[in-house]
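# Observations on chain architecture
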Amino acid sequence: MHHPSSAGLEIWAATPTPFGPDGELRPDVVAEQARHLTAAGVSGAFVGGTTGEFAALSTGERLELVAAWAAYRPPGLRLCVHVGHTALGEATALARQAAEQGADMIAAVAPYYGSPSGAEAVVDHLAQIAAAAPGVPFCYYHAPEMSGLRVPASAVAAVAAKRIPAFGAVKFTDGDLLEFARTQEVSPHVRVYFGRDELLPAALGMGGHAVIGSLYNFLAPAAREVYAAASSGRLDDAVRLHRPFREVADVAARHGTLPVVKELAALLGGPDTGRCRSPWHRLTGPALTDVRRLADRLATPG
């Protein structure tokens, strides 16, 4: 199992997709997003994932979004492109383009409508996506709450490690910490990124050392403090410093994760990326007041 190292926590922000007032894609906003993440000191941007509302984007829009990130990202900010799709041909087209644009990593969810029944079937699909971007590190995106896929991440990782030459990462977005530990133990060559930001101290206690999540658009400095406390054995401090993440999770549970994250990211110094597309609702009235009060608390901690 991996253990926290002196190198610190590797943090990637799962980025929201910027939309204009009528829901149109606004790729020009990506430049400001990239600058904001660089200033926050995150390792990379995870683009076009759940936070990026990938399932509400056309393939053309996803290609345009990635081209913007490739063009605007400053040196040193790494780029992971989520290319998962229910149509394999669309996923392979996205993977090819991500490779051409110089992505540092590509990621894909398993098929999530008519989910495959076992790890071999999942990897059958993933291997074809990875083959469209040979040599680019490949990340399996495990998000069972969203995808409905119940095949354990450790089983998929074990098969992928044998069958996908570039396989090197798992984005583990689930609260099953035993399965998180099992997935980390599959191979020393597979980096497992924890994706449930509201459980960060527990994941660190289970040997986590790398994260990808939406809250790191504005809570990356707090995450580094949590990591520093946990890695030096100050577990009470780690849990205390982690409180902002739990406060966000509470508000998100009431009003919807993506709308809350988009609003908070803009209120806490990031660019305005607009409102979510359907089926996510817009924040209005009391919900908006709730989020603004939370933003005020987060901006003045203590």
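Residues numbered from 1 in each chain as written. Predicted model: local features only at pLDDT ≥ 70, side-chain atom pairs only at ≥ 80, totals over all residues. Heavy atoms only, no water.

## Looking at helix α6 (residues 153–163)
The test is simple: Partly exposed residues are those whose accessible area sits between 20% and 50% of the maximum for their type, while under 20% is buried and over 50% is exposed, using a 1.4 Å probe and protein chains only. Every helix listed is a DSSP run of H or I at least four residues long, and every strand listed is a run of E at least two residues long, numbered separately from the N terminus. Any two residues whose heavy atoms approach within 4.5 Å are treated as being in contact.
Among the residues making up α6, those that are buried are Ala153, Ser154, Val156, Ala157, Val159 and Ala160. Considering only its buried residues, α6 is in contact with α4 (119–131), β5 (138–142), β6 (167–172) and α7 (177–184).

## Focus on the environment of valine 136
With respect to the helices, strands and loops of the structure, valine 136 is situated in the loop between α4 and β5. Classification of valine 136 by relative accessible area gives buried; the value is 11%. C-alpha of valine 136 to C-alpha of alanine 99: the two residues are 37 residues apart in sequence and 6.7 Å apart in space. When neighbours within four sequence positions are excluded, valine 136 is seen to be in contact with Ala99, Ala103, Asp104, Met105, Ile106 and Ala166.

## Brief notes about the pairing of strand β3 (residues 78–82)
We apply this condition: Here the rule is simple: two strands pair whenever DSSP picks up at least two bridges between them. Assignment of crossover handedness uses the view with strands pointing away from the viewer, where a clockwise path from the first strand over the helix to the second indicates a right-handed crossover.
Of all the 5 residues making up β3, 4 are buried; the element is thus mostly covered by neighbouring parts of the structure. Relative to β3, strand β2 (residues 44–47) runs parallel, the two being bridged by 4 bridges. Paired with valine 47 across the bridge in β3 is valine 81. Taken together, the 3 bridges between β3 and strand β4 (residues 105–109) define a ladder with parallel strand orientation. When the bridges of β4 are listed, histidine 82 appears paired with alanine 107. Viewed along the sheet, the connection from β3 through helix α3 (residues 88–100) into β4 turns out right-handed.

## Quick notes on the pairing of strand β1 (residues 10–14)
The element β1 is largely enclosed, with a buried count of 5 among its 5 residues. Of the two faces of β1, the one holding Glu10, Trp12 and Ala14 and the one holding Ile11 and Ala13 are both buried throughout. Of the strand pairs in this sheet, β1 and strand β8 (residues 210–213) are connected by 4 bridges, and their pairing is parallel. Considered in β8, the bridge of alanine 13 is made with glycine 213. Running through helix α1 (residues 30–40), the crossover from β1 to the neighbouring parallel element β2 is right-handed.

## A word on the confidence of the model for the chain
The condition that has to hold: Think of pLDDT as the predictor's per-residue confidence, scored from 0 to 100.
Per-residue pLDDT for the chain has a mean of 95; in total, 97% of the residues score no lower than 70. Note that residues 1–6 has pLDDT below 50 and, in this model, 17 contacts with residues that lie over four places away or in other chains.

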